[in-house]
Amino acid sequence: MYIAIAYTKSLFEPILTRSLLEFSYIKEYFQLLNTVVGIVEELKLNEKLWSKR
């Protein structure tokens, strides 16, 4: 299964012109990570589906 999520900001490029200590930037990044982790958990992509138990 492949899932594509459109996101307009570059996630892997460092931004050197602003401080990363501002809470709003940290909050935005945390919300994005929370969304991605939520998708993984909801679709149970973190579990082995075909393992023998």
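Below you will find a few notes about this structure. (Residues numbered from 1 in each chain as written. Predicted model: local features only at pLDDT ≥ 70, side-chain atom pairs only at ≥ 80, totals over all residues. Heavy atoms only, no water.)

**Observations concerning the overall build of the protein chain**
When you go through the protein chain residue by residue, the secondary structure sums to one helix and zero strands. Dimensions of the protein chain along its principal axes, counting C-alpha atoms only, are 50 × 20 × 15 Å. Burial status across the protein chain gives 2% buried among its 53 residues. Accessible surface, the protein chain: about 5800 Å² in total, of which carbon and sulfur atoms supply 62%. Of the charged side chains in the protein chain, 7 are positive and 6 negative; the average position of the first set lies 9 Å away from that of the second. (Helix = DSSP H or I, 4+ residues; strand = E, 2+ residues; numbered from the N terminus. Buried < 20%, exposed > 50% of the residue type's maximum accessible area, 1.4 Å probe, protein only. Areas by Shrake-Rupley, 256 points an atom, 1.4 Å probe, with all protein chains shown as cover. Lys, Arg positive; Asp, Glu negative; His and termini not counted. Charge placed at Lys NZ, Arg CZ, Asp CG, Glu CD.)

**Notes on the pattern of salt bridges**
In the structure shown here, the tally under the stated rule is one salt bridge. The residue Glu-28 makes a salt bridge to Lys-9 at a minimum N-O spacing of 2.4 Å. Separated by 19 residues along the polypeptide, Glu-28 in helix H1 (residues 23–42) and Lys-9 in the segment before H1 bring together distant segments of the chain. (Salt bridge = Lys/Arg side-chain N within 4 Å of Asp/Glu carboxyl O.)

**Observations concerning H1**
The terminal C-alpha atoms of H1, which comprises 20 residues, lie 28 Å apart, in line with the 28 Å expected from a rise of 1.5 Å per residue. Lys-44 lies just past H1 and shows a positive phi near 55 degrees. (Expected span 1.5 Å × (residues − 1).)

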